[in-house]
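# Observations on the three-dimensional arrangement
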Amino acid sequence: MSVLAPRRGLSFGEVVARHHAKGDLVVQPRMGFADPGRMTRGLLATRAARAATVGTITIDSYTRVGDHEAARAALAADADLNGYPLVDHDPVTTTALLDGVLTRDFPVQIRHGSADPRRIVRTLLDFGLHATEGGPVSYCLPYSRMPLSAAVDNWRRSCETLAEARGPELEPHLETFGGCMMGQLCPPALLVALSVLEGIFFWRHGIRCLSFSYAQQTHAGQDEEAIAALHALIREYVPHARTHVVIYGYMGVYPRTPGGALALLAESARLAARTGASRLIVKTTAEAHRLPTVAENVTALEHAAEAAGAVPRIGHLGDTGIHAQAKALVDNVLSLDSDLGRALVTAFARGQLDVPFCLHPDNAGRARGRLDANGRLEWQRIGAMPLGDLVDLPADRRMTSGDLLDALRYVERTFDEKYGMPGIETAKLIQGSRT
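Residues numbered from 1 in each chain as written. Predicted model: local features only at pLDDT ≥ 70, side-chain atom pairs only at ≥ 80, totals over all residues. Heavy atoms only, no water.

For the protein, the name recorded in an unreviewed UniProt entry is Methylaspartate mutase, with Amycolatopsis oliviviridis as its organism.

### Brief notes about the pattern of salt bridges
Applying the stated criterion to the full structure yields 23 salt bridges. Across the pair arginine 274 and glutamate 267 runs a salt bridge whose closest N-O atoms are separated by 3.7 Å. Considered together, arginine 274 and glutamate 267 belong to a single accessibility category, that of buried residues. Notably, a salt bridge pairs lysine 327 with aspartate 331, separated by 3.1 Å at the nearest N-O pair. Pair noted here: lysine 327 and aspartate 331 are both in helix α12 (residues 322-336), with a separation of 4 residues, about one helical turn. Take lysine 327: its relative accessible area is 24%, and that puts it in the partly exposed class. Residue aspartate 331 is classed as partly exposed on the basis of its relative accessible area, which comes to 33%. (Salt bridge = Lys/Arg side-chain N within 4 Å of Asp/Glu carboxyl O. Buried < 20%, exposed > 50% of the residue type's maximum accessible area, 1.4 Å probe, protein only. Helix = DSSP H or I, 4+ residues; strand = E, 2+ residues; numbered from the N terminus.)

### A closer look at the state of the cysteines
According to the stated counting rule, one finds 0 disulfides in the structure shown. Not engaged in a disulfide, the cysteine cysteine 140 finds its nearest cysteine sulfur in cysteine 358; these two sulfurs lie 8.5 Å apart. Unpaired in terms of disulfides, cysteine 159 finds its nearest cysteine sulfur in cysteine 209, a separation of 13 Å. (Disulfide = S-S within 2.5 Å.)

### A word on the sheet that holds strand β9 (residues 279-281)
Sheet architecture is open: 9 strands sit in the order β2-β1-β9-β8-β7-β6-β5-β4-β3, paired in parallel fashion. Both outer strands of the open sheet, β2 (52-53) and β3 (55-58), are each paired with one neighbouring strand and no more. The pairing of strand β1 (residues 26-28) with β2 spans 2 bridges and is classified as parallel. Bridge pairing links valine 26 to alanine 52 in β2. (Pairing = 2+ DSSP bridges.)

Next comes the structure, spelled out in structure tokens:
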């Protein structure tokens, strides 16, 4: 397929920046359907929602792992894939799909989950798109058995491919997924550090328009401190890039009741608005049960946008050490090697970066997080990470299976018990208090 001319319109980063300047939080679904008609309807519904939105095409699992033969076979059999097989769909079909939904102010981001996104990146550029997400650590360790060194090289090449596509009407955008590692029970300082490190990696390989992720965790006050630290470290380490912060709605075990799910979504929207984030990846009431419908996605987008409205920015925050811990982790990695890719591989090999509960062979697996009595995420063990003088570890560093299950269900239980009663009004959810 020949490379298409850039589609006329604002870049992804510029669209988000313009909404932010007007005080609007951009809300975005994680939407992906194999059927082009359904994908088109989903994007059009997202564009028409009563909210500031951008579009998403989420890639199917076969494409994520590079099994293009299986993707083509599924398309031939009209199988119901869990995303849109961008690389293997008929190019004429995809071109028509995009021509029907893209506008100057409504860009589409490709989301994929791949440790080797080279073909995905080349394909999205072929279709005149310019925005995607992931990272060499965040799309390798949780989702792949690929060696981290290989993922780093794949992502280096992908960044360079994106950067080479820059032109007068096209500014590629790349979002780091580093602030979402494992979804839960990863203390905020490590999430912030990984988000910043992947962003620096992108910058060093030519990307000039970046977004930095952070996944909502278990305690709103702690999240506020973490996001403030993320903003500060972005200003310190990538001051010349066009940047924004994107918050992910809680990625762990989600409330099972509609009331609990809507309340948690509203909380994530208020968190984003309070902390100066520009974009929110939403969750739906179907999250605990199945993939959401288009209508459920639109409901979530509009609910989040309403919840975010008229929320004041936060002022001075308490300091529990998140900024200092995250900066120590970043500075240590940067000191290991002038090549950041090699430095990341070395840091994980030495256990100086160590993601709790991550089973990838290149992760040391000695660190652990836990919830304290107030629902804050803290370090139970730090392994070999250079945090010894910054962290007060608990005397009892054991965790039983029961402790782990209780921690994993903490948010689900809290929101279902508080908001899951029958007949609760949506307006009350939107006005709900901070937890």
